[in-house]
Structures are given as C-alpha cells and as structure tokens.
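Secondary and tertiary structure notes
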Amino acid sequence: MSWQTYVDDHLMVDLAGGGKLSSAAIYGQDGGCWAQSANFPALEADQAKILVSGFSDPGSVAAGGIRIGDKKFISIGGVPGECLRGRKGASGCCIKKTNTAMVIGIYDEGVQGGDCNLIVENLGDYLIGQNI
C-alpha cells in the first residue's frame, strides 16, 4: 500500500461524529513528506524538528505553539513521547509519533477534536505495530 493511500483512505474519511479532517499528512521524523492531502500546509524542516523534540519535551512546543506550515495552534497537551495536540478557536491538530514518522491531522469547525485524535492515533498505532 502506498503512503498516499494511508492518507486518502485512512485519514481523509468520514469521522464518527461527522465531518472530515481538513487536511492530513504523514511526514518522516527528518521532515520529509511521505504523503499529504491536497491542501495540507507545507511542513518546514525546522518545524518538523521542533515537533519531534516536542514529543520528548512538551515544553519546547508549549511556549511557541505547534506550527504546521502557515498554521499555528496552541499546545493543549497530548501524551508525552506519543502525541501532541493543538487548538486554535474551533480548529485543531493531532500529531502522532511512530518509530520513524509523524501522522498529522488538522481539523476545522464542525469536527470534534476527539474524532481527529482517534483517527490519527489509531493509524499511528497501526504503523508502530508494523515497525514503521
């Protein structure tokens, strides 16, 4: 299965509470894009580096927020070592760390943050199980 298929068929789908993610992607922890939805804001290499450090040191993203391309979210926690979560108004994001990658989901108004977290983290857990 291609990486794009994971994004298209496992992230950009109808969510349990209604709606869909506005954009999603899978990036390597080195900042390289593996696959992304058409409207995903380009994650810059330095942004990827900050996100990766945020998994082990949540304080590193708490001060400056979670930045994904031109979007900025306030860090609202997550699970240290596993995932980061952010919000800005009715929008938000979830970033799940795998062994070598990051699964990223962004949602807008009309989508529940918990639905985004569930779909992103479930795919991340599956990829971890596959040693990816």
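Now for a quick tour of the structure. Just so it is clear, the model here is predicted, and its values are computed rather than measured. (Residues numbered from 1 in each chain as written. Predicted model: local features only at pLDDT ≥ 70, side-chain atom pairs only at ≥ 80, totals over all residues. Heavy atoms only, no water.)

So, the pairing of strand β1 (residues 23-28)
Across the 6 residues that make up β1, a large majority, 6, are buried. What you see with β1 is no split at all: S23, A25 and Y27 on one side and A24, I26 and G28 on the other are buried throughout. Direction of pairing for β1 relative to strand β7 (residues 101-107): antiparallel, over a ladder of 6 bridges. Counterpart to G28 in the pairing with β7 is A101. Two strands pair when backbone bridges link them, and β1 and strand β2 (residues 33-36) are joined in this way by 3 bridges, in the antiparallel orientation. When the bridges of β2 are listed, Y27 appears paired with C33. Turn length for the β1-β2 hairpin, with the two strands adjacent in sequence and antiparallel, is 4 residues, and the turn residue G31 shows positive phi of about 95°. (Buried < 20%, exposed > 50% of the residue type's maximum accessible area, 1.4 Å probe, protein only. Helix = DSSP H or I, 4+ residues; strand = E, 2+ residues; numbered from the N terminus. Pairing = 2+ DSSP bridges.)

What to know about the nonpolar core
Generally speaking, soluble globular proteins have nonpolar side chains that are buried together. Counting 19 residues, the largest nonpolar core has L11, L21, V120 and L123 as its most contacted members. Elements that contribute at least two residues to this core include exactly α1 (3-11), β1, β7 and α4 (113-129). Ranked by residue count, the leading element in this core is α4, at 5 residues. The contact partners of L11, leaving out residues within four places of it in the chain, are Y6, L21, A24, A25, V103, I104, I119, V120 and L123. Membership of the second largest hydrophobic core comes to 17 residues, among which are A25, Y27, I66 and I106. (Core = buried A, V, L, I, M, F, W, Y, C linked by side-chain atoms within 4.5 Å. Contact = heavy atoms within 4.5 Å.)

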